[in-house]
Amino acid sequence: MSVLKYLPLLRANLWRRRIRTLLTFASVATAFLLFGLLIALRHAISGGVELSGADRLITMHKVSFIMSLPRSYVERVASLPGVRAVTAASWFGGNYRDERSTIVAEAADADTLLAVYPELALPDDQRRAWLQDTTGMIVGEALANTYKWKVGDVIPLHSNIYRKRDGSNVWELRVDGIFRNSNNGDTNALFFHYQYFNEPRSFGRDQVGWLVLRVKDPAQSATIARRIDALFANSDTETKTSSERAFAQTFINQVGNIGAIIAIVVGAVFFTMLMVTANTMGQSIRERTPELAVMKTLGFSGAQILGLVLSESLLITLLGSAVGMLLARGLTALARPALQQYLPLLGIPASAWLAAMGFAAVLGLLAGALPAWSAWRLRITDALRQGG
Amino acid sequence: MHLNGLRQLGAITLMNLRNVPDRLSTSLVAAVGVAGVVTILVGVLSMSEGFRSVLQYAGHDDVAIVLRGGSNDEMSSGLSLDQTRLIADAPQVVRAADGPLASPELYVIIDVPMRTTGTAANVPLRGVGTQARLLRQDFRILSGRMFEPGKFEVIVGQSAARQFRGLNAGSTVHWGSTDWYVAGIFADRGSVAEGEVWTDATVLQNAYNRGTSYQSVRVQLRRAADLARYAATLQADPRLTVRVMSERVFYQEQSRIITAVIESVGSVIAVLMGLGAVFAALNTMYSTVAVRTREIATLRALGFGALPVVTSVLSEAMLLGLAGGLLGCLAAWLGFNGVETSTMNWASFSQITFAFRVTPALMMRGLSYGLLLALIGGLLPAIRAARQSVVAGLRAN
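Residues numbered from 1 in each chain as written. Chains lettered and ligands numbered in written order. Predicted model: local features only at pLDDT ≥ 70, side-chain atom pairs only at ≥ 80, totals over all residues.

Tallying secondary structure elements over chain B gives 12 helices and 14 strands in all. For 397 residues, the compact-globule estimate of 2.2 N^0.38 gives 21 Å, and chain B exceeds it by more than 25% at 30 Å. On the principal axes, the C-alpha backbone points of chain B span a range of 95 × 45 × 30 Å. Counting across all 397 residues of chain B, residues that qualify as buried make up 51%. Here the contacts in chain B between residues at least 6 apart in sequence split such that 84% fall between residues at least 24 apart. (Helix = DSSP H or I, 4+ residues; strand = E, 2+ residues; numbered from the N terminus. Rg over C-alpha atoms; globule rule 2.2 N^0.38 Å. Buried ≥ 20, exposed ≤ 12 C-beta atoms within 10 Å, placed from the backbone. Contact = placed C-beta atoms within 7 Å.)

Take a look at the structure:
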């Protein structure tokens, strides 16, 4: 038995009330457009958690990340067994021209930085240039695009935290390289040499913000983290070491429960769409009761009628979801350049397409269930009488 | 003629509305569609309203906040002890018996686990001067007592106590190498301060190795109008490079980005959901008109004009919109009003605690949006109803 032979019948049924079918289809498509956009937004906000390295740990001051660590900690952590590489970073609080928007700028140890973050992709000549140039910086592609910086430009940055001992607050840095992120992660940041920043600054000398380290075996992460914290326990500066993933998750949790908010909105939207589609199907079946009775008289089985009704509602929700999701993809692609600075990871992850298909199938089955059930149980004599 | 038209209009509209219960399931769908949109719209807006209001309540026009020049927030600001004295001694500042009414303050962050997720959050710990409570007229201790100056004691704002773990009066918390005693819980009429932890500024300086430096000074001005003169006085002093703002402006700046983000995301959601609801309403009203084809044709044959027919369809749509709108407002109020949450204040990288606020103004906004959606959803079907041919309509079954 071929399912395909039912297609003309399905089309004829759906096309009978063209406006109604189109409107239902449009409301389903709108619901999935909204779903796609919200998922893209969530991915943009919390996608960094998935991209964080499984083999990376972050060590910071036990009290809070705004307090600094002695620089000597780098050597002490590097000498622990199982540690592949350690780098130190410090938050610079950079501004360029507009003092309202803070640039993600970090002072770092150049050679170890690139060893700890292998995903920072930099052409070989630019990498060599930066390692030799202590007044240079490397800039992420997204950040460079925002301010139209090119290799060779000298950029005056201001810091909203640090000043030089001579009182000036202009830090000139040459763009030695522009890096991309081979994991498609965030490139809205810049890095420059720690020495360049440590010598002239008026306070906090020989202190670093936090340590980032790569371990040889990710399975050993928890042990190594405990060992690091034990190393500095009962000192003036105690530490707290966590995986990069846990650290990123902590930050995301602080923004608020984005998952719950999105679930509430999507739930409300889908509930409404379920009502709309179920109502349409119900109406359509009520109108066609006599016709269905004739079909049964002609020998269509109850199961065939049930399948036919469910297929109609599934066709609307599946096609509607595909169109909605495609629209969402188009819109996020259009918006990405403008939002790059704020939401670098904007995009619909593969899992969302699967989820959308699943939701569409459930929606279609639920919406068609009641009308299909009544069509299946239809008694020919009653139905024909009603139609007469 | 006019009177006749009006009578027609009233008769046909009433007759139609009386019949709405007959088409209950279809009508319900349109109303629920509108209700869903209104709930979400009001819910999202109540979030930004709540965020804005905790910051607005905190801000007085006659209290000035002084930061280092070039700083936008307390976190990145820094002032020396001498500078804070100069800032407090200006003639525009109110003087009490024991000196000017001013509070030099220190602002740091501590990691405290959130109750909801158990993960660490950046809670603001504010070191305040002895007169801090006089600068906040609504400040009061709810339980326990004020911290004792010079001791490792804190008081906790009531919403911080609810949002974060372990901050109860009488308990001891361990931050860094110090044990802090939680002496009491305070309220400040729902302002941003209720999400903070307070202690004596000099104690905090020692605990955080800050020497004698501060980050901001709050002063009580004689009159709000003195702000410009006060700023001019400080700027004329060569020993100071400062930024002076009224507390209200300072907090408005802090809330600007977050409220803009919430409102623009909320608008996109409301517009798209509204589109979906319009489709649902159109569907309902088209099928209503289809069901009433013969009735409408009969009315037209009896001499009723096109306008009463249009009005009857539109008023049915508007009634459904009104019902949906009211339902949506109720759902938003029950579901969101007063729900307390906290989010990251990107200006200072610290948590800000606030409650959703469903205000009457927001409900009116939701209700008008619901009615607008219903109007759009009813208009096309109404026009179709008025234009259909009488003869064909009478023949329809």
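Moving on, there is more to tell.
Our next topic: the overall build of chain A. In terms of regular secondary structure, chain A is built from 14 helices and 14 strands. Here the C-alpha atoms of chain A give a radius of gyration of 30 Å, more than 25% beyond the 21 Å that 2.2 N^0.38 yields for 388 residues. Within chain A, the proportion of its 388 residues that are buried is 41%. Considering only residue pairs separated by 6 or more positions, chain A has 82% of its internal contacts joining residues 24 or more positions apart.

What follows is about the nonpolar core. Counting 215 residues, the largest nonpolar core has L34 and L211 of chain A together with V34 and A281 of chain B as its most contacted members. Ranked by residue count, the leading element in this core is helix α8 (residues 247–291) of chain B, at 18 residues. When neighbours within four sequence positions are excluded, V34 of chain B is seen to be in contact with A277, A281, G321, G324, G325, G328, G370, L373 and A374 of chain B. (Core = buried A, V, L, I, M, F, W, Y, C linked by C-beta atoms within 7 Å.)

With 40 residues of chain B at the contact, the number on the chain A side is 38 residues. Secondary-structure elements contributing two or more residues to the side of chain B that touches chain A are α2 (24–58), β4 (102–113), β5 (120–128), α8 and β13 (340–345) of chain B. It is α8 of chain B that contributes the most residues to the side of chain B that touches chain A, 11 residues altogether. A breakdown of the residues in the side of chain B that touches chain A according to their chemical character gives 19 nonpolar, 20 polar and 1 charged. (Nonpolar A, V, L, I, M, F, W, Y, C, P; charged D, E, K, R; others polar.)

Moving on, we get to the pairing of strand β7 (residues 153–157) of chain B. Residues and elements named next belong to chain B. Among the 5 residues that make up β7, 5 are buried, leaving the element largely enclosed by the rest of the structure. Direction of pairing for β7 relative to strand β9 (residues 178–187): parallel, over a ladder of 5 bridges. The partner of E153 across the bridge, within β9, is Y181. Alignment of β7 against strand β10 (residues 197–200), held across 3 bridges, turns out to be antiparallel. Counterpart to V156 in the pairing with β10 is V197. (Pairing = 2+ DSSP bridges.)

As a further point, take the domain arrangement of chain A. Residue and element names in this part refer to chain A. Assigned domains within chain A: domain 1 (3–49 + 256–387) and domain 2 (63–237). When each unit is reduced to the centre of its C-alpha atoms, the spacing between domain 1 and domain 2 is 49 Å. Taken residue by residue, the interface counts 5 residues in domain 1 and 7 residues in domain 2. Residue classes in the side of domain 1 that touches domain 2 are distributed as 2 nonpolar, 3 polar and no charged. (Domains from an automatic or database assignment.)

Further remarks concern the pairing of β10 of chain B. In summary, the side chains of a regular strand alternate between the two faces of the sheet. Pairing of β5 of chain B with β10 of chain B, which is carried by 4 bridges, proceeds in the parallel orientation. When the bridges of β10 of chain B are listed, V128 of chain B appears paired with D200 of chain B.

Time to look at the environment of L292 of chain A. Residue and element names in this part refer to chain A. Relative to the assigned elements, L292 resides in helix α11 (residues 289–297). Note on L292: 21 C-beta atoms within 10 Å, which makes it buried. In this structure the C-alpha to C-alpha distance between L292 and R379, which are 87 residues apart in sequence, comes to 10.0 Å. Aside from chain neighbours lying at most four places away, what touches L292 is I305, A375, L378 and A383.

All names here are of chain B. Taken domain by domain, chain B holds domain 1 (2–56 + 255–395) and domain 2 (70–240). In this complex, domain 1 contributes 11 residues to the contact, which on the side of domain 2 involves 18 residues. Contributing elements (two or more residues each) for the side of domain 1 that touches domain 2: α2, β13 and β14 (350–355). Examining the composition of the side of domain 1 that touches domain 2, we find that 4 residues originate from one element, β14, more than from any other. Considering only residue class, the side of domain 1 that touches domain 2 consists of 5 nonpolar, 5 polar and 1 charged.

With that out of the way, let us pick up unusual backbone geometry. Negative phi values dominate among residues other than glycine, just as trans dominates among peptide bonds. Look at N234 of chain A: it is not a glycine, yet its phi comes out positive at around 65 degrees. For N234 of chain A, the location among the structural elements is in the loop between α8 (221–231) and β14 (239–243). Look at N234 of chain A and you get exposed, because 7 C-beta atoms sit within 10 Å. A positive phi angle, near 35 degrees, is found at R189 of chain B, a position not held by glycine. In this structure, R189 of chain B sits in the loop between β9 and β10.

Residues and elements named next belong to chain A. In the contact formed by helix α1 (residues 7–16) and helix α12 (residues 302–339), the axes pass within 10 Å of each other and the chain directions differ by 65 degrees. Classified by the interaxial angle, the pair formed by α1 and α12 is roughly perpendicular. Seen from above, α1 lies across α12 with right-handed handedness. Counted together, L9, L10, N13 and L14 of α1 and L308, S311, E312 and L315 of α12 form the full contact between these two elements. (Axes fitted to C-alpha atoms, helices over the stretch in contact; angles between N-to-C directions. Parallel < 35°, antiparallel > 145°, perpendicular 65-115°, else oblique. Left-handed = near helix turned anticlockwise from the far one by under 90°.)

Mapped onto the secondary structure, L6 of chain B falls in helix α1 (residues 2–18). Judged by the 11 C-beta atoms lying within 10 Å of it, L6 of chain B is exposed.

Before going further, it helps to examine the environment of A132 of chain B. With respect to the helices and strands, the residue A132 of chain B is situated in helix α4 (residues 132–135). Sequence spacing of A132 of chain B and P104 of chain B is 28 residues, and the spatial spacing of their C-alpha atoms is 8.4 Å.

Residue and element names in this part refer to chain A. At their nearest, the axes of α12 and helix α13 (residues 350–377) sit 7 Å apart, and the two run at 150 degrees to each other. Here α12 is positioned roughly antiparallel relative to α13, judged by the angle of their axes. Where α12 crosses over α13, the handedness of that crossing is right-handed.

Our focus in this paragraph is helix α9 (residues 244–255) of chain A. All names here are of chain A. When the terminal C-alpha atoms of α9 are compared, their 17 Å separation across 12 residues agrees well with the 16 Å that a helix rising 1.5 Å per residue should span. Residues E244, F247, T250, I252, N253 and Q254 constitute the buried set of α9. The first or second residue beyond α9 is G256, which carries a positive phi of 135 degrees. (Expected span 1.5 Å × (residues − 1).)

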